[in-house]
Number of protein chains: 4
Amino acid sequence: MTPPSSRIPVAILGATGTVGQKFVRLLDGHPWFEVVALAASERSAGRPYADVVRWRETTPLPEAVAKMVVAPSEPPLPGRIVFSALEAEIATPIEQAFARAGATVVTNTRNHRMAEDVPLVIPEVNGHHLDVLPRQRAGRGWTGALVANPNCSTAGLAMVLAPLHRAFGVDRIVVNTMQAVSGAGYPGVASLDILDNVIPFIGGEEEKIAAETCKLLGDMTAGTFRNAAIAVSAHTNRVPVIDGHTETVSVGFARRVTPDEVRHALLAAAPSDLLRSLPSTPEHPIVVDPRPDRPQPRLDRDRGRGMTVTVGRIRPCPVLDVRLVLLVHNTIRGAAGLAIQDAELLVARGDVA
Amino acid sequence: MTPPSSRIPVAILGATGTVGQKFVRLLDGHPWFEVVALAASERSAGRPYADVVRWRETTPLPEAVAKMVVAPSEPPLPGRIVFSALEAEIATPIEQAFARAGATVVTNTRNHRMAEDVPLVIPEVNGHHLDVLPRQRAGRGWTGALVANPNCSTAGLAMVLAPLHRAFGVDRIVVNTMQAVSGAGYPGVASLDILDNVIPFIGGEEEKIAAETCKLLGDMTAGTFRNAAIAVSAHTNRVPVIDGHTETVSVGFARRVTPDEVRHALLAAAPSDLLRSLPSTPEHPIVVDPRPDRPQPRLDRDRGRGMTVTVGRIRPCPVLDVRLVLLVHNTIRGAAGLAIQDAELLVARGDVA
Amino acid sequence: MTPPSSRIPVAILGATGTVGQKFVRLLDGHPWFEVVALAASERSAGRPYADVVRWRETTPLPEAVAKMVVAPSEPPLPGRIVFSALEAEIATPIEQAFARAGATVVTNTRNHRMAEDVPLVIPEVNGHHLDVLPRQRAGRGWTGALVANPNCSTAGLAMVLAPLHRAFGVDRIVVNTMQAVSGAGYPGVASLDILDNVIPFIGGEEEKIAAETCKLLGDMTAGTFRNAAIAVSAHTNRVPVIDGHTETVSVGFARRVTPDEVRHALLAAAPSDLLRSLPSTPEHPIVVDPRPDRPQPRLDRDRGRGMTVTVGRIRPCPVLDVRLVLLVHNTIRGAAGLAIQDAELLVARGDVA
Amino acid sequence: MTPPSSRIPVAILGATGTVGQKFVRLLDGHPWFEVVALAASERSAGRPYADVVRWRETTPLPEAVAKMVVAPSEPPLPGRIVFSALEAEIATPIEQAFARAGATVVTNTRNHRMAEDVPLVIPEVNGHHLDVLPRQRAGRGWTGALVANPNCSTAGLAMVLAPLHRAFGVDRIVVNTMQAVSGAGYPGVASLDILDNVIPFIGGEEEKIAAETCKLLGDMTAGTFRNAAIAVSAHTNRVPVIDGHTETVSVGFARRVTPDEVRHALLAAAPSDLLRSLPSTPEHPIVVDPRPDRPQPRLDRDRGRGMTVTVGRIRPCPVLDVRLVLLVHNTIRGAAGLAIQDAELLVARGDVA
């Protein structure tokens, strides 16, 4: 596709939080998008971003953004696309207000993910789910739109399962996550809870993985989603890692499938020309690493600028069919980076008002 | 049973390594056993233990042991029971030599675990496997004996599966371990490999878990082991934790079993009077913790002085039958503590020459 | 001294926080004291302790305490001694109210530490500062009393400096702390801030170390404190350690002093008979560890049940006179354990009303 | 200066170790240098680099280098410049052999650092020490040359002290390091030694900091070094951090100097035009960060692609004159990156044969 002739103005809701900061960093120098508004809580509104953010990225705060005066979280804001990094507790009415007012809202919050007229999208997995938007606009009376990206663990899992589901039909999986602390935001996980420790529980996460995976891998026909019928058993754990969720997966298929078949299906999964044209699509959305002890979060999370999911240890499973390990950068491919890629796909498809 | 009238002399092979040190600490003040010999490599032999050990336990080196002159690793040594914490690469002939010379060898090394005449024993799980010893002595021409304890991950897993297998018949499991670095010995895992990281691979561990679990949960009749026919799919990972292996498990049974049935079976598992008489048997070999985010290694590993396995999060599994989390102190219940408890059982049964 | 003929009733303010929990654990089975009241915020008052505490100690919650109904933080409470683990923001009027009402308050909070009529006490360092209490009672019109323990870093530092100051006169020190996260309470330090990181700043800590050290090492004559004239330069840092503050110290004396003199002065520092009679005084309040790479927090913090300060690496300093490293268990010797020992000293001296 | 008209061939000794790998990564795409030879131990020689290296960098192994056949560590090798990342135990004769054979050797090993005819160089600090090379060549009978970079802790310290020494005369310092595990190479520090721990000892490090700092800040006249007369008291510690050494420093000057004067001297320190022309010189070799809790290794180590030293918390010192905190990326500014910058300076000055 042809890149947009001028940069599209975008706004960020919840701009001072960790995901909000990640949006700021990833959008710095973005070829298609230009951040023109930052919104945050009443407490921060009216003050320069640099004064209210506790900047935690390892790259410097971009200068243009530093001086921007923070706006309150209500429409109208100048951006045609609005990225939402809001807290789930307050996000629903705010996101809907922006969509009603004409903005294309791409949200990282969980609130609307399972709504029957809201597309939950990973471009490499189910970009066609965006076809639900006309129905959404008609049904809600919105001129804008609302698009969600899945939670961080699910993003990596669905990226890997999608080509396997297409090729063989995934029937059931047992997945165990070992999740980084950045997934819990800031301050998030207390150091007293995680140093020299594992927490084998993350509230709501196992249910989200099960539900979102089935929606992502499901069909959409005539504006209606039909979730995939996959039995998903998730064990979710927090581990002392900064970034990068590691997931071990046992997969059972509709028919007997070998590790070699899985490997080939993953290697064959290449992005379409449309996807390749999106600035955030990595050269290799999935990499199969043949080394026996990979992927590892510290060494592999930044592959493809954090947008590549790495798979390793593809081998037979004595209980289901195939075992493997995957790694996803939870705040990039699993959050802000994915939302930006979703927005790029919306632009490329002509879905942005 | 009646405690032994005087303390039984014991020796430790590989006494300077991490497991060897754990033996020294756990045997300090033991009511039945008295350490009378410490053996190590040629390099250390002939020198006081305090001079050759790099003591890493958090309690002080016991004074009596500190002055003991290290012996070479060959029989005879004064101990009637010999605990082996030898490196696997050299252990086989040494352990056999001691058994041949009349000692009862209890080994933590992997070398003989799957041998068809060597009992692999957890007292709470399969103490009756010791009945194979007459056959072992006869077949090998030994006056002593050789008994093995399982690897650390398997020890915790089999403790939990045993009452479930007895009650319902375990059919298949998917287990994901998150293992502490102490399981790899010293120096073991490099800090550059594990800080801010997870390593999703531990050489040979997945095979050991599968094989040893089936032997531990199997029968023994007429001096012959019949391994349990359980399909075991293990995913093993190293995490930045000092002590304590956390394992998430999905269990499938021969018939449909509910989480409540599992909980009751675990709560009903109480040690026999014989087991209770062993000094190392904890009051509760298995504890079911009802808190939603437990067990956690840093908080729960020392329960029952490291001999209790803690189970939590018992809930339905959408793929198999029941999901749960378990925690085992890998160097106590999973290594030295278990070997000592095995030796106590041997004494209590009258199996020590 | 003669132990009290019956256990003295004590209360804990701020009983649900991390220091409060530490009081509960350390007082469980205490030979002189019996916990009869637990106080916490309005939110918790009226409910059983087990229901409102998020118990973080690795030993089980003592059963007697678990059922105790939490009281509001106001007098009267049944305890003759009241341990305060209150937040500094609210502590001042509450602690004073209890002292006015007749209780002997021993506080871990910073609020009254530098008050000119409040003794700041480490029994091994300056127990005679308690002689100010009559003046305190007279001046404040209290029937009870208020005694403070120093902050955690200072506790370890003053323990080591005291015998040196007595022997040689300490003139100036440069101290660098590497402090555990437990010193910041719960939730305290965010894991995102401390994993793979060092934070070279702890608010107010450097000032506290300077001021409190001079008060602790100072004289008291005729009810008036004369602080020691020691120049204290502190650099305070947070490191990814659970418990145990490590401090490197360069010490300059009034005259030239050698490392050997320092070593001998530390080895010669033995507790008096009165101090020895206190249940919390360890056999060796100070241990000099000769190993070249000690003390280390994970290995040495629990020495003397957390009440011993370990010193190592005593060597010449090219800038001042002598360099050394010390380690203090920050939540035991540096907080709850010290407050309990202070209370024991009050009892032994007959200072408790 | 004019960049070289074609890329200069360089070789790396010890190419498979961690510092060797860092050289490979930093030289990938270098505008002046082209890696043409990789040398390692006999065991690796003759095999492709990709087959013998255990690649630990987070960026992919450069393809051109991956296929390169590893050479033995002896001259001649095609590179005109030879970077040495050899183990100290074997480096001396090998490095000298290359210098004798005409190569310009820039070494990261400690062996020759204090030799009286070997320049120990940080370009921003003491590039003029390279003037000793004619004397070195004459005295040793070499056609090549040997140049050393200081150890990692000293590199950061000397960068900060140099402008202060020039402006005010540094008289004495007390420095406390909190050093990352990558400074110990691979496997280096055992995870059992550093998780939840601090090791207050690094063999030989305190002596190196003292000696090397004085040489770096010293004069060189008529081919003779005159070391600076600075009393250096170093306390060195290992902490659980991957990369980045944090150092707290108390500095005493020849005259009374204020924190503001220090700040201004650091802000005024700008690289010369010659230094600016070197590809590895960062835009700001020293950055003063005004935030109260900075620098922090995880957040600030990558500033200036790892070549910038960050300084913070400049404040008065009650014992000496001024206190501050500095952070240096130990494997870039403190090792491979600095050696490369040294080589660039040699080229720019016309010192490479």
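Residues numbered from 1 in each chain as written. Chains lettered and ligands numbered in written order. Predicted model: local features only at pLDDT ≥ 70, side-chain atom pairs only at ≥ 80, totals over all residues. Heavy atoms only, no water.

## Points about the overall build of chain A
What counts here: Helix numbering and strand numbering both begin at the N terminus, where a helix is a DSSP run of H or I of at least 4 residues and a strand a DSSP run of E of at least 2. Our radius of gyration looks at C-alpha atoms and nothing else; its globule reference is 2.2 Å times the residue count to the power 0.38. The cut-offs for exposure are 20% and 50% of the maximum accessible area for each residue type, with area from a 1.4 Å probe on protein chains only; residues under the lower value are buried, those over the upper are exposed, and the others partly exposed.
Across its full length, chain A carries 13 helices and 14 strands. On C-alpha atoms alone, chain A measures out to a radius of gyration of 19 Å, which is about the 20 Å that the 2.2 N^0.38 rule sets for 353 residues. Viewed in the frame of its principal axes, chain A has a C-alpha envelope of about 60 × 50 × 35 Å. With 353 residues in all, chain A has 65% of them scored as buried.

## Quick look at the interface of chain D and chain C
For the record, the criterion: Whether two residues are in contact is decided by their heavy atoms: any pair within 4.5 Å suffices. Two parts placed together each lose some accessible area; with a 1.4 Å probe, that loss summed over both constitutes the buried area. What counts as a salt bridge is simple: a side-chain nitrogen of Lys or Arg found within 4 Å of a carboxyl oxygen of Asp or Glu. In protein, a polar contact means a hydrogen-donor-capable atom and an acceptor-capable atom, both N or O and within 3.5 Å, with residues adjacent in sequence counting only if both atoms are side-chain atoms; elsewhere, any N or O pair within 3.5 Å suffices.
On the chain C side, the residues contacting the 48 residues of chain D number 48 residues. Counting each side, the surface lost to burial between chain D and chain C is near 3500 Å², with a carbon and sulfur contribution of 57%. Our count for the chain D to chain C interface comes out at eight salt bridges. The salt bridge involving E206 of chain C is made with R315 of chain D; its shortest N-O contact spans 3.1 Å. The interface formed by chain D and chain C contains 24 residue pairs in polar contact (both at pLDDT 80 or more).

## Considerations on the interface of chain B and chain A
Quite often, the size of an interface is put as the accessible area lost when its parts meet. Taken together, the contacts link 48 residues of chain B with 48 residues of chain A. Between chain B and chain A, the buried area comes to about 3500 Å², and carbon and sulfur atoms account for 57% of it. Taken as a group, D196, P200 and V319 of chain B account for 17% of the area that chain B buries against chain A, more than any other trio of residues on that side. Among the ionic pairs, R323 of chain B bridges to E206 of chain A, the shortest N-O distance being 3.9 Å. Inspection of the chain B/chain A interface yields 23 residue pairs in polar contact (both at pLDDT 80 or more). Broken down by element, the residue count for the side of chain B that touches chain A peaks at seven residues, all from strand β10 (residues 231-238) of chain B.

## Section: the relation of the copies chain B and chain A
Which entries qualify depends on this criterion: Only residues with pLDDT of at least 70 in both copies count here: their C-alpha atoms drive the least-squares fit that superposes the copies.
For the match of chain B to chain A, the screw axis carries a shift of 0.0 Å, the RMSD comes to 0.0 Å, and the turn is 180°. Look at the turn and shift together and you get a two-fold axis relating the two. A share of 100% of interface residues in chain B that are also interface residues in chain A marks the association as one of identical surfaces.

## Details of the pattern of salt bridges
Under the definition given, this model contains 100 salt bridges over all chains. With a closest N to O distance of 2.6 Å, R349 of chain D and D351 of chain D form a salt bridge. In this structure D351 of chain D comes out as buried when scored by relative accessible area, which is 14%. Beyond isolated ion pairs, a larger network of salt bridges with shared partners links D289, R291, R294, D300 and R303 of chain A.

## Some words on the packing of aromatic side chains
All names here are of chain A. Where we set the bar: We call Phe, Tyr and Trp rings a pair once their centres come within 6.5 Å, taking the six-membered ring for Trp, and we label the pair stacked below 30 degrees between planes, edge-to-face above 60, and tilted otherwise.
Per the stated rule, a full pass over the model turns up 12 aromatic pairs over all chains. Taking 6.1 Å as the distance between ring centres and 65° as the angle between the ring planes, the aromatic pair formed by F33 and F83 counts as edge-to-face. One end of the pair, F33, is in strand β2 (residues 33-40); the other, F83, is in strand β4 (residues 81-84), and 50 residues separate them in sequence. Following the ring pairs from residue to residue traces out a cluster consisting of F23, F33 and F83.

## Points about the relation of the copies chain D and chain C
Between chain D and chain C, the superposition needs a rotation of 180° and an axial shift of 0.0 Å, giving an RMSD of 0.0 Å. Interface overlap between copies: 100% of the residues of chain D at the interface are likewise at the interface in chain C, consistent with a symmetric, same-surface contact.

## Regarding the nonpolar core
Residues and elements named next belong to chain D. Selection criterion: Definition of nonpolar core: a set of buried residues of the types Ala, Val, Leu, Ile, Met, Phe, Trp, Tyr and Cys, connected through side-chain atoms within 4.5 Å.
Counting residues in hydrophobic clusters, the biggest one holds 59 residues, and the most contacted among them are I173, F253, V262 and L266. Counting residues per element, this core draws most heavily on helix α7 (residues 152-168), at nine residues. Each residue touching V262, except ones within four places of it in the same chain, is listed here: L164, F168, F253, V257, I314, V322 and L324.

## So, the confidence of the model for chain A
Stated formally: pLDDT measures the predictor's confidence residue by residue and takes values from 0 up to 100.
When pLDDT is averaged along chain A, the result is 96, and 99% of the positions lie at 70 or above. What the predictor reports for the complex is a pTM of 0.97 with an ipTM of 0.96.

## A short note on the environment of K208 of chain A
Residue and element names in this part refer to chain A. Locating K208 in the fold gives a position in helix α9 (residues 205-216). Spatially, the C-alpha atom of K208 lies 8.6 Å from that of P150, the residues being 58 residues apart in sequence. The contact partners of K208, leaving out residues within four places of it in the chain, are R110, R113, N151, T154 and T213.

## As for the side chain of D243 of chain A
Among the secondary structure elements, D243 of chain A is positioned in the loop between β10 (231-238) and β11 (245-253). A polar contact of 2.6 Å, which involves the side chain of D243 of chain A, links it to the side chain of S182 of chain A. Once you skip the residues sitting within four places of it in the chain, D243 of chain A turns out to touch A180, S182, P297, R301, H329, N330 and T331 of chain A together with D196 of chain B.

## Concerning helix α7 (residues 152-168) of chain A
Residues lying three or four places apart along an α-helix face the same way, a consequence of the helix completing one turn every 3.6 residues. The cut-off we apply is this: Multiply 1.5 Å by the residue count of a helix minus one, and that product is the helix's expected span. Fitting axes to the seven residues ending at a residue and to the seven starting there, one defines the bend at that residue as the angle between these axes.
If you check α7 of chain A, its first and last C-alpha atoms are 25 Å apart, about what 17 residues at 1.5 Å a residue would give, namely 24 Å. Helix geometry: α7 of chain A is bent most strongly at L161 of chain A, by close to 35°, with proline P163 of chain A lying one to four residues after it.

## Regarding the packing of α7 of chain A against helix α10 (residues 259-268) of chain A
Residues and elements named next belong to chain A. Let me state the cut-off plainly: For helices, the axis comes from a line fit to the C-alpha atoms of the stretch in contact; other axes are also lines fit to C-alpha atoms, and the angle between any two N-to-C directions lies between 0 and 180 degrees. By definition in this entry, angles of less than 35 degrees are roughly parallel, angles greater than 145 are roughly antiparallel, angles of 65 to 115 are roughly perpendicular, and the rest are oblique. Take the far helix as the reference: if the near one is turned anticlockwise from it by less than a right angle, the crossing is left-handed, and if turned clockwise, right-handed. Gly falls in the polar group here, along with every residue not listed as nonpolar (Ala, Val, Leu, Ile, Met, Phe, Trp, Tyr, Cys, Pro) or charged (Asp, Glu, Lys, Arg).
The geometry of α7 relative to α10 is characterised by a closest axis approach of 9 Å and an angle of 115° between their N-to-C directions. One way to sum up the angle between α7 and α10 is to call them roughly perpendicular. The chirality of how α7 crosses α10 is right-handed. Side by side, α7 and α10 meet where V160, P163, L164, A167 and F168 of the first sit next to E261, V262, A265 and L266 of the second. Looking at the contact of α7 with α10 residue by residue, the classes come out as eight nonpolar, no polar and one charged.

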